[in-house]
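As a plain string of letters, each chain reads:
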Amino acid sequence: MAPVAAMVGGGLLLLLVAFQGSPGAQQSVDSSIRVGATDLGGVVTSVNGPEAGVWVIAETNDLPTKFAKIVVTDDRGRYLLPELPKASYSVWVRGYGLVDSQKIRTTPGKTVNLTALVAPSPAAAAEYYPAIYWYSMLKVPEKSEFPGTGPDGNGINPALKSQEQWLDIVKTNGCYGCHALGTKAMRTIPKELGDFKSSEDAWQRRIQSGQALTQMTTALGRMGNARALKLFADWTDRIAAGELPSARPTRPQGVERNVVLTLWDWAGPKDYLHDVISTDKRNPRLNPNGLLYGATEESTDLFPVLDPVKHKATQVKMLVRDPATPSSKQSPMLPSPFWGDERIWDSQTSMHNPMFDEKGRVWFTSRVRPPANPDFCKKGSDHPSAKLMPTDTANRHLSMYDPKSGKITLISTCFPTHHLVFAGGPGSGVIGWLNRKMFDDTGDEVKSQGWTALILDTNGNGKRDDYVEPNEPVDPTKDKRVVAAFYGIGVNPVDGTIWGTVLGFPGYVIRLNPGSNPPATALAELFEPPLPGYGPRGMDIDRNGVVWAPLSSGHMASFDRRKCKGPLNGPSATGKHCPEGWTLYPFPGPQLANVTSTGSAEASYYTWVDQFDTFGLGPNVPLATGNANESLMALVNGKFVNLRVPYPLGFYTKWVDGRIDDPSAGWKGKGLWATVSTRAPFHMEGGKGTLSKVVKFQLRPDPLAR
C-alpha cells in the first residue's frame, strides 16, 4: 500500500479506504446503473479517473461451495454484477495496469463505488498477465540450428528436422498438453525443490516431480534433453533477474466487456479435471438448469457433480470391472515441492471425456479392466471386426452413469477410447463404435461394438480393396492402410461422415466414410495442414461440414473439403493434395522468442463449435481453449473475441460445452460451461489446496444489463 499512497497522497488514500469499509451506506448513484435486490453496481475509478475494461470480482464462502461472479466495467468505469445468491461477498477490482484493490465486504442490493489501485511498477502490473506473456519469453533454437546434432553437438534431438517440430513439442503436443508453463508456479523455481549447482540441474529435477514424471521427461527427451534444459533454465534465470515480458495484454474491448463469469469450486484439493458436460451437443436444451458432470482422469475415481442452482458440489465413485485394473498411483515419481512424496493421484478408471446422450445418461471414456484384450478382440475370433483387424490391447474403454437410477454400466471395448463420440484413441490404428440401440436392447457388449482400420483409396476406384501396409510404398493398384487414430472427433451433420484429428507433426485431419458395412467398407481421406500450420489437436465441426481445429503453430485452422480442386482419392491423395481447403487464423498473444513465422505462443488444446448459438455470438462460432491466454477464444467474422478468466490466475481448460436452460430468457437463459483442467491446480493463484472450478460464460447485451 505504501507505494500507492506515495502516488495518490496518504490522506486521500486513507479517506477512500475508510469510506470503502462502510459499504452499507448508499453511495452516489449513476442513474443508468439499475441495481436490483440481487445485484451489486457502481463505478470504478482510480487516480486516473474512471477505469474502463477492468474486472469487478465478488466472491463468497457462504454457499455450499465457494462461489464467485465476475464482470467487466464499461467505457465509463461502471459495472453491474447481476443475480447474486443471498450471501456476504468480498468485492474487489482487478485489471491490467493495476494491482488488486482492497477487498470490501458487502451484500447484494447495494451501490458500491470502488477504488482501483494503479500498479506502482511494471513488475507489479506484470504479475497479473496471462501465462502466454511470460511463456513468450522462452527462447527457441534458431531455424538454422536444425536438424539437431544431438548431445555432442547443439543438444537438439537429431530426429527434429525443423524449428516447427521443436515448437510442436514445446507447445501443444508436449509441454503444454497438461498445464500452462507461464504461470507464477512455472516461471519460478520453488525453494522447496532443493539446492542445485545450476538452474539446469534444478529443471532436470523439477520434471521428475510427481506422478507425471514419465510424460515430462519423455517430452524433454523428444526435444533433446540438454538443449531443452538449458533454454528453460535461461528462461527462469532471466525472470528471476527481473526481466519482464516485452508484450502487454490489452484490456477487454467491445463485446468482451459484456461477459459475465460465474465460478463454482468442485472436486477435491488433490484432484484435477479434464472435462465437464452439461447437455447433449446435438440438443443443447437437454438437462436445463440440471447437474453438471466432470471427468477426473488420472487423479481419482470420484467424478464431481455440480448443482448450479443450489450451488452444491458432490462426488460419485466410478467403478471398474476387474480389481486388477492398474492405477495411476503406481506411476513412478520423485517428491513434489507441493506434496512431498505423497502420491496424490490414485485412479484405476482414468475417466476422460463425458458426454450426454438423448436420454440424459452420462457416458465416459473410462478404464474398466487391465489393457490386455479378451479373446473375442484378437486374431482367430469370429467377431466381424476382429476378422479384418484384430486388436490385442485397449487402455481405456466405456462406462455409462444413469443419474435417475444411480446405476453405472461398464463396457469393455476392443478399441481404446479417448474423446467420446465412441472412437479409437490416439495411436490405436483403428476407429471404433458402440451400437447403443443394440446394446440397450440386448446388453451384449460383444455384438454391439465394432471397429475398422483406416484405409486410403489410393487406387482411386471408389471402394475398399486389398491394401498395402503402412511401412510399404503406395501401390497404384491397391489401397493403403495408415496407422492413425482420431484424437478430436466430430460427425458432419451434412453427410454423416466422421472426422477426426491425428496428433503429431505435421498431423492430419481424417474423414471417414463408414459405408454400408463399416469394418469392411469404411474409407478414409487424410489431409495435412500446410505450413505455417502444423500440429492439430482437439477438433470440432460446424453445421456446414467445415472442420475447425487448433494448431501447435499458434493458429485456429478451418478445413473445408468443398474447396478441394484435385482428386480426393488415388495415388497422390495422401495428405498434401488439398492445401486450398485450409484457412489459418493466428491466435491472440505474442510469439515465442526467436520465432518469426505467423501465429502466437498460444498452445490451444481443443476447439468446440457453438452450432446452436448457446452463447450469443451467433451459430457456428468456433471457440478454442486459450490455454496460454487463460481464456476461451471465439472466432467471429475472422477476428478473435478473447474471453479471459482473470481470477484465479491460471485458468486452463480442455473443453467447452454450451447449454440453453430457458430459450425465452434471453442472455440469462443460456451460456457456455468449462472447467479448470490443469493437471496442477496447485499451480493456480491460491496455491496448494486450490480447487478446480466450473466456469459459466454468459454474454449480455451491454455491461450494465441485468
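On to the pairing of strand 21 (residues 430-434), then. Most of strand 21 sits inside the fold, with 4 of its 5 residues counted as buried. Relative to strand 22 (residues 449-456), strand 21 is paired through 5 bridges, and the arrangement is antiparallel. Among the inter-strand pairings, Leu434 is bridged to a residue of strand 22, identified as Gln449.

Its place among the elements puts Pro252 in the loop between helix 9 (225-240) and strand 12 (259-265). By relative accessible area, Pro252 is classed as buried at 7%. When the C-alpha positions of Pro252 and Trp264 are compared, they lie 23 Å apart, and in sequence the two are 12 residues distant. If we skip the residues at most four places from it in the chain, Pro252 touches Gly53, Trp55, Val72 and Arg257.

We now examine the side chain of Asn620. Structurally, Asn620 can be placed in the loop between strand 33 (607-610) and strand 34 (621-626). Among the polar contacts made by the side chain of Asn620, one reaches the main-chain amide nitrogen of Arg543 at a distance of 2.9 Å. Beyond its immediate sequence surroundings of up to four residues, Asn620 is in contact with Asp542, Arg543, Asn544, Val609, Asp610 and Gln611.

It is worth spelling out the packing of aromatic side chains at this point. Both the distance between ring centres and the angle between the ring planes are used here to describe each pair of aromatic rings. With the rule as written, the count across this model stands at 30 aromatic pairs. Each ring, one from Phe505 and one from Tyr534, has its centre 5.4 Å from the other, and the planes form 55 degrees; the classification is tilted. Taken together, the residues Phe505 in the loop between strand 26 (498-502) and strand 27 (508-513) and Tyr534 in the loop between strand 28 (523-527) and strand 29 (540-541) connect sequence positions 29 residues apart. Given a relative accessible area of 33%, Phe505 falls into the partly exposed group. Assessed through its relative accessible area of 3%, Tyr534 is described here as buried.

This brings us to the sheet that holds strand 38 (residues 670-675). Strand pairing in a sheet relies on backbone hydrogen bonds. The paired strands run either parallel or antiparallel. Overall, antiparallel pairing links the 8 strands, which are arranged 8-6-3-4-12-39-38-37 in an open sheet. Of all the strands in the sheet, just strand 8 (104-106) and strand 37 (657-660) have a single pairing partner and so form its edges. On average, each strand axis in the sheet is inclined to that of its neighbour by 25 degrees, with strand direction left out of account. In the sheet, strand 38 pairs with strand 39 (residues 693-699) via 4 bridges, with the strands oriented antiparallel. Note that in strand 39 the partner of Leu672 across the bridge is Phe697.

In protein chemistry, a disulfide is the covalent bond that joins the sulfur atoms of two cysteines. Applying the stated criterion across every chain, the model contains 2 disulfides. Paired by a disulfide, Cys377 and Cys414 hold their sulfur atoms 1.9 Å apart. Here Cys377 and Cys414 share a disulfide; its torsion about the S-S bond, -70 degrees, makes the bridge left-handed. On the criterion of sequence distance, the pair formed by Cys377 in the loop between strand 18 (362-366) and helix 10 (384-388) and Cys414 in the loop between strand 20 (408-411) and strand 21 is long-range, its members being 37 residues apart. Accessibility expressed as a relative area gives 0% for Cys377, which makes it buried. Cys564 shares a disulfide with Cys578; S-S distance 2.1 Å. Its torsion about the S-S bond being -100 degrees, the disulfide of Cys564 and Cys578 is classed as left-handed. On the criterion of sequence distance, the pair formed by Cys564 in the loop between strand 31 (555-559) and strand 32 (582-586) and Cys578 in the loop between strand 31 and strand 32 is long-range, its members being 14 residues apart. Each member of the pair, Cys564 together with Cys578, is buried. When the cysteines engaged in disulfides are numbered in sequence order, the protein pairs them as 1-2, 3-4. There is no disulfide at Cys175, and the cysteine sulfur nearest it, in Cys178, is 10.0 Å away.

Taken residue by residue, helix 7 (residues 199-206) has Ala202, Trp203, Arg205 and Arg206 as its buried positions. For helix 7, the buried positions fall inside an angular range of 160 degrees around the axis, keeping them on one side. Here the buried face of helix 7 lies against helix 6 (184-187), helix 8 (213-223) and helix 9.

With that settled, consider the confidence of the model for the protein. Residue-level pLDDT values for the protein average 93, and 95% of them are 70 or greater. Between residues 1-26, whose pLDDT stays under 50, and residues either more than four places distant or in other chains, the model counts 26 contacts. Counted against residues more than four places away or in other chains, residues 422-426, with its pLDDT under 50, gives 29 contacts.

Time to look at the sheet that holds strand 33. Read from one edge of the open sheet, 4 strands run 33-34-35-36, paired in antiparallel fashion. Here the strands that pair on one side only, and so sit at the sheet edges, are strand 33 and strand 36 (639-644). With direction set aside, neighbouring strand axes in the sheet form an average angle of 25 degrees. One ladder, built from 4 bridges, connects strand 34 with strand 35 (residues 631-636); its direction is antiparallel. In the sheet register, Thr625 faces strand 35, and the bridge partner there is Leu632.

Right, let's get into the nonpolar core. Tyr135, Trp166, Val170, Phe232 and Phe697 are the most contacted members of the largest nonpolar core, which has 103 residues in total. Sort the elements by how many residues they give to this core and helix 9 lands first, with 7 residues. Setting aside residues no more than four positions away along its own chain, Phe697 makes contact with Val260, Leu261, Phe615, Leu632, Leu643, Val645, Phe651, Gly671, Leu672 and Ala674. Counting residues in each nonpolar core, the second largest holds 33 residues, with Leu114, Val118, Trp266 and Leu273 among its members.

Moving on: unusual backbone geometry. Residue Pro506 follows Phe505 across a cis peptide bond; omega there is 0 degrees. Counting through the fold element by element, Pro506 comes out in the loop between strand 26 and strand 27. In this structure, Pro532 follows Leu531 across a cis peptide bond, with omega equal to 15 degrees. Phi angles above zero are rare outside glycine, and Asn594 is one such case at about 75 degrees. According to the relative accessible area criterion, Asn594 is partly exposed, its value standing at 33%.

A separate point is the pairing of strand 37. Residues Asp657 and Arg659 point to one face of strand 37 and Gly658 and Ile660 to the other, with burial holding for every one of them. Strand direction decides the pairing type here: strand 37 and strand 38, joined by 4 bridges, are antiparallel. Within strand 38, the position partnered with Gly658 by the bridge is Leu672.

We now examine the pattern of salt bridges. Per the counting criterion, the structure on display carries 36 salt bridges. Between Glu59 and Lys66 there is a salt bridge whose closest N-O contact spans 3.7 Å. Judged by relative accessible area, which is 11%, Glu59 ranks as buried. The class of Lys66 is partly exposed, set by a relative accessible area of 26%. Across the pair Arg94 and Glu685 runs a salt bridge whose closest N-O atoms are separated by 2.8 Å. Residue Arg94 is found in strand 6 (residues 89-94), and its partner Glu685 is found in the loop between strand 38 and strand 39; the two are separated by 591 residues along the sequence. Where salt bridges share partners, they join Asp280, Arg282, Asp357, Glu358, Lys359, Arg361, Arg436 and Asp440 into one cluster.

Rules of the game
- Residues numbered from 1 in each chain as written.
- Predicted model: local features only at pLDDT ≥ 70, side-chain atom pairs only at ≥ 80, totals over all residues.
- Heavy atoms only, no water.
- Buried < 20%, exposed > 50% of the residue type's maximum accessible area, 1.4 Å probe, protein only.
- Helix = DSSP H or I, 4+ residues; strand = E, 2+ residues; numbered from the N terminus.
- Pairing = 2+ DSSP bridges.
- Contact = heavy atoms within 4.5 Å.
- Polar contact = N/O pair within 3.5 Å; in protein donor to acceptor, adjacent residues only side chain to side chain.
- Phe/Tyr/Trp six-rings, centres within 6.5 Å; stacked < 30°, edge-to-face > 60°.
- Axes fitted to C-alpha atoms, helices over the stretch in contact; angles between N-to-C directions.
- Disulfide = S-S within 2.5 Å.
- Arc of directions from axis to C-beta.
- pLDDT = per-residue confidence, 0-100.
- Core = buried A, V, L, I, M, F, W, Y, C linked by side-chain atoms within 4.5 Å.
- Salt bridge = Lys/Arg side-chain N within 4 Å of Asp/Glu carboxyl O.

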